[in-house]
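Spelled out from the first residue to the last, the chains are:
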Amino acid sequence: MPDSSAQRLLGWFRSSARELPWRTPFPRDPYAVLVSEVMAQQTQLERVVPTFQRFLERFPSVRDLAAAEVDDVLHAFSGLGYYRRARLLHQAARAIADRGAWPTTFEGLRALPGFGSYTAAAVAAFAFGGIEPPVDGNVARVTARLDALPLILGSGPLLKEGRLLAGALYTDAGTPEVWEALMELGATVCTPSSPTCRSCPLASGCAGLSAGTPTAFPLPRVQRAREQQRWAVLWVERPDGSVLLRRVDHGTLLAGLWLPPFAVLTEGAAALDAVRDLARENSFDGTLTRAAEVKHSITHRDIRVLPFVGAARDTRVGEARVGSSWQQPYAPGVGVSSLVAKLARVCARKSPAESEE
Ligand code: SF4
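Residues numbered from 1 in each chain as written. Predicted model: local features only at pLDDT ≥ 70, side-chain atom pairs only at ≥ 80, totals over all residues.

## So, the overall build of the chain
Argument step 1. When helices and strands are tallied, the chain shows 15 helices and eight strands.
Argument step 2. Its C-alpha atoms give the chain principal-axis dimensions of roughly 80 × 50 × 35 Å.
Argument step 3. Evaluated residue by residue, the chain yields a buried proportion of 39% over its 357 residues.
Argument step 4. Contacts in the chain between residues at least 24 apart in sequence constitute 65% of all its contacts with a sequence separation of at least 6. (Helix = DSSP H or I, 4+ residues; strand = E, 2+ residues; numbered from the N terminus. Buried ≥ 20, exposed ≤ 12 C-beta atoms within 10 Å, placed from the backbone. Contact = placed C-beta atoms within 7 Å.)

Structural data, given as structure tokens:
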């Protein structure tokens, strides 16, 4: 009797899957599942693995995370971007600590801060034996291609089809490993623009491949227009290489992170005028020099960042303002946006090696 799709998928996964620190035998630690799932959202796994390991060393349990200050949690997330998920992870840890135990059902987990259907299903399945299939973008893409479904990525109908496929595979395999295998197939073989169908364990039953147009499925989402912004940035540095940062308290995307003082420029506004205002607000009256422009993107925003550099010899610079801190740009002790490292490359007088001395 020929192998079923589920068996071929599992066989492929067991021989080809990437080794990842959270892929331990079932049932898994729900805390490790949650942290890995949150970090893997919108982020390449090469960057997730070292951050995941450092994060679990720093906060070994959900209680440790709940007891931490949000600044420390954001710091531990530095470099991954999308910091809203770090704040929600922290809130979820506090909610779990408050109730004294993890909810063990899909519905109970779904009620926690930051738990969408996918995260709730993944934690329930991998840690508590839940049977609600977790359907992420990878599963949705494989589903659309296998059945040549002209459905839109991220749409309700495609999610429903994904659940049906994942449910059928589970019925055959009897282990949530088959769901992890399906996600891995989408992440490494059935990739968005160049699927390697010759390596695919499901190729013999794939309607998209038979039609000769696998990448025609699923249909793309309608793209949201990207917003263009210009920012003026004040980069003030002390002789020891530390730079003035301020805690962002406006807007939701970067709130709670630390950045050099900056202003979002309105159309036609002069960057130098804005940066002079920033200098006054931070008690800096030295010379300012324009540094090279930096490009930075935050979700749907593309930002032209215009930095102005000054040397702070007066120790009162920045001291009068609440939410200010002097930090080494290559080794900050607070949670910073990845923009700080980009700015340091064009503004800082010390190289990373010199800063670590
Ligand atoms: S055969 Fe190709 S298109 Fe079909 S599921 Fe496999 S990788 Fe994707």
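## Examining the domain arrangement of the chain
Argument step 1. What the domain assignment lists for the chain is domain 1 (5–216) and domain 2 (227–356).
Argument step 2. Here domain 1 and domain 2 have C-alpha centroids that lie 36 Å from each other.
Argument step 3. When contributions to the side of domain 1 that touches domain 2 are tallied by element, the ones reaching two or more residues are helix H5 (70–76) and helix H6 (84–99).
Argument step 4. Here the side of domain 1 that touches domain 2 is composed, by residue class, of four nonpolar, four polar and three charged. (Domains from an automatic or database assignment. Nonpolar A, V, L, I, M, F, W, Y, C, P; charged D, E, K, R; others polar.)

## Remarks on the packing of helix H1 (residues 5–16) against helix H10 (residues 156–173)
Argument step 1. Running from N to C, H1 and H10 point in directions that differ by 85 degrees, and their axes come no closer than 8 Å. One finds that H1 runs roughly perpendicular with respect to H10. For the pair H1 and H10, contact is made by Ser5, Ala6, Leu9 and Leu10 and by Leu169, Asp172 and Ala173, respectively.
Argument step 2. Across the contact of H1 with H10, the residue classes tally to five nonpolar, one polar and one charged. (Axes fitted to C-alpha atoms, helices over the stretch in contact; angles between N-to-C directions. Parallel < 35°, antiparallel > 145°, perpendicular 65-115°, else oblique.)

## Examining the site of the ligand
Argument step 1. Around the ligand lies a shell of 14 residues, among which Cys190, Cys197, Cys200, Cys206 and Pro214 are the nearest.
Argument step 2. For the shell around the ligand, the leading source of residues is helix H9 (residues 137–146), giving three residues.
Argument step 3. Tallied by class, the residues present in the shell around the ligand amount to twelve nonpolar, one polar and one charged. (Near = placed C-beta within 6 Å.)

## Things to note about the pairing of strand E2 (residues 243–247)
Argument step 1. Most of E2 is tucked away: four of the five residues are buried.
Argument step 2. By the bridge criterion, two bridges tie E2 to strand E3 (residues 258–259) in an arrangement that is antiparallel. For Arg247, the partnering residue across the bridge sits in E3 and is Trp258. (Pairing = 2+ DSSP bridges.)

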